[in-house]
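Residue-level structural notes
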Amino acid sequence: MTRGIAGIAGYVPYRRLQRAEVARLFGTGGGRGARSVASHDEDTTTMGVEAARLALKAVPGAAPGAVWLATATPAYLDKTNAATVHAALRLPSDVAAYDFGGALRSGAGALRTALGAPGSGTTLVVTADLRDGLPTSADESAGGDGAAAVLVADDSPGTPLLAEYLGGASVSDEFVDRWRPAGERRSRTWEERFGETRYVPLGAEAWEAGLKAAGLTPGEVDRVAVTGMHGRAAKAVARALGVRDGALADDLSTTVGQTGTAHPLLVLAAMVEEAGPGEVVAVLSLADGADLLCFRTTEARAAWTPAETVADQVAAGADLPYGKFLSWRGMVTPEPPRRPEPPRVSSSAAGRNEAWKFGFVGSEDRSTGAVHLPPSRVSMRGGAVDDMAPVARADAVGTIATYTVDRLAYSPSPPIVFAVLDFEGGGRFPVELTDVDPEAVSIGDRVVMTFRRLYTADGIHDYFWKARPARTPAGDG
Amino acid sequence: MASHGIKDRVAIVGMGCTRFAEHWDKGLDDLIVDAATETFASAGVTKDEVDAFWFGTAQSGMSGITLARPLQLEGKPVTRVENYCTTGSEALRAAAYAVASGAYDVAMAVGAEKVKDSGYQGLNAFPIPNDGTARTLTAAAMFSMVAPAYAKKYGVDEDELAGVLARISWKNHQNGARNPRAQFRKEVSVETICASPRVAGRLGVFDCAGVADGAAAAIVVRAEDAHRYTDRPLYIKALSFAAGSGSGLIDPDYDYTWFPECARAADDAYAQAGITDPRAQLAMAEVHDCFTPTELVLMEDLGFAERGTAWKEVLAGTFDRTGPLPVNPDGGLKSFGHPVGASGLRMFFETWLQLRGEATPERQIETDRTLALTHNLGGYPGEMVAFVSVVGTELG
């Protein structure tokens, strides 16, 4: 049975830190290029939701039987973060939601596990990561934030494969090159040379074994990327692959940075988006061993239009001052607004209102068509009682009817930009805007909904929807 | 379905009002005792002669005990009232209806709020456990959306409209400067108002009401008994209240240029009082100027100006203290600040002074009209409660 990729997307957050900004402040650190920066209202769960939404949007009728979320920087421990992704995607309750967590390798591992189980149904593999380190550290500059999602399925008329899984290999080894004690923010690394001496042979071993398993020679590989937090080792492995000139793909290190758990899938998404039908695409991930995954794009690739390509998202980014980056990452603490912090979310209220809070599902009066956001039992027009149908607006384009900038309200990153939206298909909702410059907002602007973390109180994250400008050519509707 | 009103059946026979200020040295109990003591003296009664009490506070305390304890009321019916920023008006409405019904001879409404003990700027709502999806905007931000919507609808340049709003603020500070009970007693130039730091949208600090502690109170009796207590009672002509359904927030037809709840309450109040031309019949109006665009739009909602023309009337000085219809001659929320539970009764207090000729001479309105209006709102554009009253010195 042929198994492979039925849908795929990457998510690159809007903000960029120019690495030169680090040296400008500290006199040291930084480097060339830029890294992606998750907004203050994003975490691995919300970025995973965005990647998953993009992946599913381009595959009409996709019905995953399971959603897996892999990250080394989960929003919660103990509690399953994939359940939040599941709710935001409005998946039925019989869809399993599992976290793969802790180690950077869990992203590649989750994807390989899903690919290696033909007949196990359709699985949405979501990976996300937030990478940083202390100011001026190599991790701060080399790291990036992002997510990727791959819809793994058996080939079928309903879910034609964009890329068929040809095979791969995994090799494992125990050595301490990079580690982070449980509960700590900062990763630590051993002397760089030591890791390199382990990763280079591990990468070569996986490359050789994986190509053999896939029935390929290096010369038959059209696109390949080597990923890993050990940048020097990844470059050395890439140099030794023996592939044709031009086959080595951009690993996004100069524009996005290494997004850790998410990175193998993020570069895979970028490669599949750029590949034509019939190309061999491979990704080799170095993390406590090495994983090689090989694919061949199919004829169905030609009929597939990505919702928003990684390249478009990379190009649409906007710079963030280094000070904002440091405050968003909790490295510095600016004076908060002189307003009370919000109270923790009521779990029981959130649970009752799951479809609204996580799915942005309102209600539509069957007799008058009036759309209610949030859902209402009694109609605002005509007063019909309990005669409503659920109506989802998370994927609807909104138009700004009016807006304001609140410089006094509590926000983890003031000011709050707030707009009254009218949705295509009906419905009005006043909502916070994000990934936006206050000066750039106008009445009549088109915006799309995005799943965000509003704040955290008593350790409970308040997830809900905001709106952001529609930016990329394909991202508008 | 009917709104009959209680025109001329109930009279206010005594009132009191503290200075509104940052009363760092006074607690809620002090404010209550001060306002109540002044009011008992004003009506010439003791607390034992009052049969029932309604106490308005938004969030300075719960239950009637919050009033009964500081005043040491023993066994009286004391009810705490809350209805957003109309809380003070709502207390008087309840007391007046209680007297009109015949249930009591003498009833008292007390409104008080101790805002400045929170340690934060502005007003901050009581957190009620919720699902975390509700807006967390300030009131300033919600009302700031009115100005650009109004400018767009009526073709007013936004910079020109900013000047109109500044003039409203200027006017209310002019009036407040002449009022010993106001929080802010300085005139402020239009230039200073326009240059003040932005708070939300284009609204600056001087477009916003202040924040203060305060208390005010009134004693009401049946109209036929009024002259037992005072030679110059204020007869209640209308008490109207409208709560919106909140649908303005989610209804694409709402355009943020008016407050339907306020227009509805005004229509009802005028019907109760028999007023056909408020601009020509009213001696003055106290309105809820929480933010300058609010007062602008209210001039139209209350029928003082045609739709789309209030901005011109403001510039023409129509609502100045010496204009054809003085609005907020006491300085309004702008000069008084907004101790939520007290504000509605503070508005009544100004009608009590002005219609009886007891305002300080430098702000006493010269008029032969005998009717005055108070307007009090709570909530936000799209989700609002609105109160309108009319009082007068003559029966009939």
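Quick caveat: nothing in here was measured; it's all calculated off a predicted structure.

Let's shift gears to the overall build of chain A. Each helix and strand in chain A was counted, giving 12 helices and 22 strands. Taking 23 Å as the expected radius of gyration for a compact globule of 477 residues, we find that chain A reaches 22 Å, a close match to that expectation. Counting only C-alpha atoms and orienting by the principal axes, one finds that chain A spans roughly 70 × 60 × 40 Å. Across the 477 residues that make up chain A, the buried fraction comes to 54%. In chain A, the share of contacts with a sequence separation of at least 24, taken over all contacts with a separation of at least 6, comes to 72%.

A word on the overall build of chain B. Each helix and strand in chain B was counted, giving 13 helices and 11 strands. The C-alpha radius of gyration computed for chain B amounts to 20 Å, which stays within 12% of the reference 21 Å derived for 396 residues, consistent with globular compactness. For chain B, the C-alpha atoms occupy an extent of roughly 55 × 50 × 45 Å along the three principal directions. When the 396 residues of chain B are sorted by exposure, 61% land in the buried category. Taking all contacts inside chain B whose residues are at least 6 apart in sequence as the whole, residues at least 24 apart take part in 78%.

Residues and elements named next belong to chain B. The N-to-C vectors of helix α6 (residues 158-176) and helix α10 (residues 292-301) enclose an angle of 95°; their axes lie 9 Å apart at closest approach. Our classification of the angle between α6 and α10 gives roughly perpendicular. In contact with V164, L165, I168 and S169 of α6, α10 contributes T292, P293, E295 and L296. Of the residues contributing to the contact of α6 with α10, the split by class is 5 nonpolar, 2 polar and 1 charged.

Let's shift gears to the confidence of the model for chain B. When pLDDT is averaged along chain B, the result is 96, and 100% of the positions lie at 70 or above. Model confidence for the complex is summarised by a pTM of 0.94, with the ipTM given as 0.91.

It helps to recall that an α-helix has 3.6 residues per turn; residues three or four apart then point in one direction. The element helix α4 (residues 106-115) of chain A is extensively covered by neighbouring structure, given that 9 of its 10 residues are classed as buried. Among the residues of α4(A), S106(A), G107(A), A108(A), G109(A), A110(A), L111(A), R112(A), A114(A) and L115(A) are the ones counted as buried.

Moving on, we get to the sheet that holds strand β2 (residues 15-18) of chain A. Whether parallel or antiparallel, the strands of a sheet pair through hydrogen bonds between backbone atoms. Read across the sheet, 3 strands follow the order β3-β2-β14 (chain A) without closing on themselves; strand pairing throughout is mixed. Taken across any chain shown, the strands that pair with only one partner, and hence form the sheet edges, are β3 (34-37) and β14 (318-319) of chain A.

Every contact between the two is made by 34 residues of chain A and, on the other side, 31 residues of chain B. Contributing elements (two or more residues each) for the side of chain A that touches chain B: α11 (347-352), α12 (354-359), β18 (398-406), β19 (416-423), β20 (428-433) and β22 (460-469) of chain A. Broken down by class, the residue content of the side of chain A that touches chain B amounts to 21 nonpolar, 5 polar and 8 charged.

Bringing helix α7 (residues 231-239) of chain A into the picture now. Those residues of α7(A) that fall on the buried side of the exposure criterion are A233(A), A234(A) and V237(A). Taken end-on, α7(A) shows its buried residues confined to a sector of 100°, consistent with a single buried face.

Right, let's talk about the pairing of β19(A) for a bit. Residues and elements named next belong to chain A. Of all the 8 residues making up β19, 7 are buried; the element is thus mostly covered by neighbouring parts of the structure. Summarising the sheet, β18 and β19 pair through 8 bridges and their orientation is antiparallel. Among the inter-strand pairings, Y403 is bridged to a residue of β19, identified as A419. Where β19 meets β20, 6 bridges bridge the pair, whose relative direction is antiparallel. Bridged to A419 within β20 is V431.

Our next topic: the packing of helix α3 (residues 87-100) of chain B against helix α13 (residues 340-355) of chain B. Residue and element names in this part refer to chain B. Remark: α3 packs on α13, axes separated minimally by 5 Å, with the N-to-C direction vectors making an angle of 65°. For the pair α3 and α13, the contacting residues are T87, G88, S89, A91 and L92 in the first and V340, G341, A342, S343, G344, L345 and F348 in the second. Partitioned by chemical class, the residues of the contact of α3 with α13 number 6 nonpolar, 6 polar and no charged.

So, on to the environment of A97(A). Residues and elements named next belong to chain A. Within the element layout of this structure, A97 appears in strand β5 (residues 96-101). By the C-beta count within 10 Å, which is 21 here, A97 ends up buried. A97 sits 27 residues away from L124 along the chain, and the two C-alpha atoms are 9.5 Å apart. Excluding its chain neighbours within four sequence positions, the residues that come into contact with A97 are V67, T80, A82, A83, V85 and H86.

In this section: the pairing of β5(A). A regular strand places its side chains on the two faces of the sheet in alternate fashion. In the sheet, strand β4 (residues 66-71) of chain A pairs with β5(A) via 6 bridges, with the strands oriented parallel. The residue bridging A66(A) from the neighbouring strand is A96(A), located in β5(A).

The rules behind each value
- Residues numbered from 1 in each chain as written.
- Chains lettered and ligands numbered in written order.
- Predicted model: local features only at pLDDT ≥ 70, side-chain atom pairs only at ≥ 80, totals over all residues.
- Helix = DSSP H or I, 4+ residues; strand = E, 2+ residues; numbered from the N terminus.
- Rg over C-alpha atoms; globule rule 2.2 N^0.38 Å.
- Buried ≥ 20, exposed ≤ 12 C-beta atoms within 10 Å, placed from the backbone.
- Contact = placed C-beta atoms within 7 Å.
- Axes fitted to C-alpha atoms, helices over the stretch in contact; angles between N-to-C directions.
- Parallel < 35°, antiparallel > 145°, perpendicular 65-115°, else oblique.
- Nonpolar A, V, L, I, M, F, W, Y, C, P; charged D, E, K, R; others polar.
- pLDDT = per-residue confidence, 0-100.
- Pairing = 2+ DSSP bridges.
- Arc of directions from axis to C-beta.

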